[in-house]
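# Coordinate inspection notes
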Amino acid sequence: MHRILRALFRTLLMIEIRKIVKRYGELEVLKGIDLDIVPSAVTSIVGPSGAGKTTLLQIIGTLMTPDGGTVSYDGNNVLTLSDRRQSAFRNREIGFVFQFHRLLPEFSLRENVAMPALIGGVSRQAAFERADRLIGRLGLAGRSSHRPTELSGGECQRAAVARALVNNPSVVLADEPTGSLDSGNRAELHRLFFELRDEMGATFVIVTHDENLAADSDRIVHMEDGRIGRLTVRNKNF
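Treat the numbers as computed from the prediction; the structure is a model and nothing was measured.

Once that is clear, we can look at the pattern of salt bridges. This structure, assessed with the given rule, holds 13 salt bridges. In this structure, arginine 23 engages glutamate 28 in a salt bridge whose closest nitrogen and oxygen atoms are separated by 3.8 Å. Here glutamate 188 and arginine 158 are joined by a salt bridge, their closest N and O atoms 3.0 Å apart. On the criterion of sequence distance, the pair formed by glutamate 188 in helix H7 (residues 183–200) and arginine 158 in helix H6 (residues 153–165) is long-range, its members being 30 residues apart. Taken together, the shared-partner salt bridges connect Lys31, Asp225 and Arg227 into one network.

Direction of pairing for strand E1 (residues 15–24) relative to strand E2 (residues 27–37): antiparallel, over a ladder of 8 bridges. What sits directly across from lysine 22, in E2, is leucine 30. Hairpin connection, E1 to E2: the antiparallel pair is bridged by 2 residues, and glycine 25 has positive phi, about 65°.

Another aspect to go through is the nonpolar core. One finds Val161, Leu196 and Phe204 to be the most contacted residues of the largest nonpolar core, which totals 37 residues. Listing elements by their share of this core, those giving two or more residues are helix H4 (109–119), helix H5 (124–137), H6, strand E7 (171–175), H7 and strand E8 (204–207). Valine 161 has contacts with Val97, Leu138, Leu189, Leu192, Phe193 and Leu196, leaving out every residue within four places of it along the chain. Within the second largest apolar cluster, 29 residues are counted, among which are Ile20, Ile33, Val171 and Val207.

In space, the 4 strands of this open sheet follow the order E2-E1-E4-E5, with antiparallel pairing throughout. Of all the strands in the sheet, just E2 and strand E5 (76–77) have a single pairing partner and so form its edges.

In a pair of packed helices, the angle between the axes and the distance between the axes together describe the arrangement. One way to put it is that H6 packs onto H7 with a least axis distance of 10 Å and a crossing angle of 20°. By the angle between their directions, the pair H6 and H7 is classed as roughly parallel. Between H6 and H7 the crossing geometry is right-handed. Note on element contacts: H7 touches H6 through Asn185, Glu188, Leu189, Leu192, Phe193, Leu196 and Met200, opposite Gly154, Gln157, Arg158, Val161 and Leu165. A per-class count over the contact of H6 with H7 returns 7 nonpolar, 3 polar and 2 charged.

Evaluated as defined, the whole model comprises 3 aromatic pairs. Seen from their ring centres, phenylalanine 96 and phenylalanine 98 are 6.0 Å apart, and the 5° between their planes marks the pair as stacked. The class of phenylalanine 98 is partly exposed, set by a relative accessible area of 21%. Ring centres 4.9 Å apart and planes at 45° place the aromatic pair phenylalanine 193 and phenylalanine 204 in the tilted group. Highlighted residues: phenylalanine 193 in helix H7 and phenylalanine 204 in strand E8, separated in sequence by 11 residues. For the residue pair phenylalanine 193 and phenylalanine 204, the accessibility class agrees, reading buried in each case. Its end group placed over the ring of tyrosine 24, lysine 22 keeps NZ or CZ at 5.4 Å from the ring centre. A cation over a ring is seen here: arginine 102 above phenylalanine 98, with NZ or CZ 3.9 Å from the ring centre.

Let us look at the confidence of the model for the protein. Mean pLDDT over the protein works out to 87, with 95% of the residues at or above the 70 mark. Between residues 1–12, whose pLDDT stays under 50, and residues either more than four places distant or in other chains, the model counts 32 contacts.

Turning our attention to the environment of alanine 174. Inspection of the secondary structure puts alanine 174 in strand E7. In this structure, the C-alpha to C-alpha distance between alanine 174 and alanine 159, residues 15 residues apart in sequence, is 14 Å. Here alanine 174 is in contact with Leu57, Val97, Val205, Ile206 and Val207, once residues within four sequence places are set aside.

The strands that make up a sheet pair up through hydrogen bonds in the backbone, lying either parallel or antiparallel. If you walk across this open sheet you meet the 6 strands as E6-E7-E8-E3-E9-E10, and the pairing is mixed. Among the strands making up the open sheet, the edge pair consists of strand E6 (94–97) and strand E10 (227–233). Across the sheet, the mean angle from the axis of one strand to that of its neighbour is 20°, orientation sign disregarded. Contacts between H6 and the sheet are confined to E6 and E7, with E6 contributing the most and set at about 170° to the helix. Sitting on the sheet, H7 is in contact with strand E3 (42–46) and E8, with an inclination near 160° to E8.

Rules used throughout
- Residues numbered from 1 in each chain as written.
- Predicted model: local features only at pLDDT ≥ 70, side-chain atom pairs only at ≥ 80, totals over all residues.
- Heavy atoms only, no water.
- Salt bridge = Lys/Arg side-chain N within 4 Å of Asp/Glu carboxyl O.
- Helix = DSSP H or I, 4+ residues; strand = E, 2+ residues; numbered from the N terminus.
- Pairing = 2+ DSSP bridges.
- Core = buried A, V, L, I, M, F, W, Y, C linked by side-chain atoms within 4.5 Å.
- Buried < 20%, exposed > 50% of the residue type's maximum accessible area, 1.4 Å probe, protein only.
- Contact = heavy atoms within 4.5 Å.
- Axes fitted to C-alpha atoms, helices over the stretch in contact; angles between N-to-C directions.
- Parallel < 35°, antiparallel > 145°, perpendicular 65-115°, else oblique.
- Left-handed = near helix turned anticlockwise from the far one by under 90°.
- Nonpolar A, V, L, I, M, F, W, Y, C, P; charged D, E, K, R; others polar.
- Phe/Tyr/Trp six-rings, centres within 6.5 Å; stacked < 30°, edge-to-face > 60°.
- Lys NZ or Arg CZ within 6 Å of the ring centre and 35° of its normal.
- pLDDT = per-residue confidence, 0-100.

Laid out in structure tokens, this is it:
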């Protein structure tokens, strides 16, 4: 099973963020951020509210354009791509998990998970085969035909993780992914991130206020007032 899951996941890329600046009027939210995201690691970004964590994550994911700086995947600055090529890059290389699962209520769990692959032009058969493998791995096979309103909060978030992985991305970006969950489901999702790192070589970058998740991460980026204060490396393999 581990070999099959690893085969789904492409060789991961180093992500290099250099001199990122973001302003809203006179307010400078990011003040020259330099950061490397290493492959196959769980990296948490922590800091007080207003530190610029979510803004940085959105820029890494090409959902927001900075006022200065570069974001390079495998040496290629993705900020110079056209809107169309950025959209295609996002679909292919980046998976997103948000605080609220954002599953489409009119579709089944299986259809929701397969959706990014279908949007990316993968055949229906191949998209659903990918979705089924991930749904099985995440313990949701018995819920595959259910719609989001028929699922628990923890099941919806696991489905959101499967959806983020279905296109075999270079990185999964997660913004407070456990923020809406109870303690039991938070712990379960924590375990899942690290299991997927081990089994699939998955790279996660997670903005979180969850001290337990941050403490278990391979690398912890501490942000304050639009800057990186320090980087803590907990796992020397990364």
